[in-house]
Amino acid sequence: MRAVAFVGFKKSGKTTTVERVARELKKRGYKVGIAKSMHTNFDRKDSDTWKLKRVADYVIVRAQDTDALLFEAKDLNALLSAIPEVDFLLLEGFKDAKHLPKIICAKSEEEVKVLNDGLAIAVSGVISSEAKSIGGLEVINPLENPERLADLIEEKAFMLPNINCGLCGLDCYEMAKLIVKGEKSTEDCVVLSSKPKVIVRVDGKELPMKDWVQELVEKTIKGMLSAMKGYKEGRKIEIIIED
């Protein structure tokens, strides 16, 4: 799954930009997911769903116009793990995310400077009707040229594991900045480029394991299971521990 975040302050054109890009990617046959960060509570206090969330870990809502799953994600990885697999994930907001490229939606050059953390691949939003380039970043009008934004996302979208395992010698933020600059690629991420035989996830977050650790876990589990009646050698073993 490849991803890009559309970041900006209020009334900067984020939603319009995301909508136009999503439409264009859908036209090209891609499966698109959108994650939106809001600074308000849509599940208002004292509502029925608000009360149910006080006593349940998950609440599924069936409404006339849409369905929803309400839960408390412990971090961004846990939140995004709830999204089914898509070709492109468009994040609206999430300024603090440091493991994927960003398109800055802004009303002024000053906002672009404030929001550019080294992960920006383009500028869009309200300011795109006034400028063509800011700080070396291409400025793209989402109303007039959503195709160009979609082209850029096809070319440059990515998402690192966001686990800062250090196996590549860098954290995910430093690696992401180098990928945006074109000095590295996702193939330089040890976790993404390898195909592990053993995968362990805790609350949706994958734990990095070197080859020898994977081998140790595999042999230990298979050794224990081989002594159990009914065990047969299989291609995939699943063990779930509810802590």
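Refer to the structure presented above.
Rules used in this analysis
Residues numbered from 1 in each chain as written. Predicted model: local features only at pLDDT ≥ 70, side-chain atom pairs only at ≥ 80, totals over all residues. Heavy atoms only, no water. Helix = DSSP H or I, 4+ residues; strand = E, 2+ residues; numbered from the N terminus. Contact = heavy atoms within 4.5 Å. Polar contact = N/O pair within 3.5 Å; in protein donor to acceptor, adjacent residues only side chain to side chain. Salt bridge = Lys/Arg side-chain N within 4 Å of Asp/Glu carboxyl O. Buried < 20%, exposed > 50% of the residue type's maximum accessible area, 1.4 Å probe, protein only.

Before going further, it helps to examine the environment of Glu 154. Relative to the elements of secondary structure, Glu 154 occurs in helix H5 (residues 146-156). Counting along the chain gives 67 residues from Glu 154 to Asp 87, while the straight-line C-alpha distance between them is 9.8 Å. Residues contacting Glu 154, with those up to four places away along its chain left out, are Arg 2, Leu 25, Arg 28, Tyr 30 and Phe 88. At a separation of 2.8 Å, a polar atom in the side chain of Glu 154 contacts the side chain of Arg 28. Side-chain polar atoms of Glu 154 contact the side chain of Tyr 30, separated by 2.8 Å.

Take the pattern of salt bridges next. Taken as a whole, this structure holds 14 salt bridges when the rule is applied. Put simply, Glu 24 and Lys 27 hold a salt bridge, and the shortest N to O gap is 3.4 Å. Note that Glu 24 and Lys 27 are positioned in helix H1 (residues 14-27) at a spacing of three residues, about one turn of the helix. On the basis of relative accessibility, which here comes to 8%, the residue Glu 24 falls in the buried class. Across the pair Arg 62 and Asp 67 runs a salt bridge whose closest N-O atoms are separated by 2.6 Å. Since its relative accessible area comes to 69%, Arg 62 is described here as exposed. The partly exposed category is assigned to Asp 67, whose relative accessible area is 44%. Here the salt bridges do not stand alone but share partners, grouping Glu 24, Lys 27, Arg 28, Asp 151 and Glu 154 into one network.

As far as function goes, none of this settles anything; it's purely spatial.
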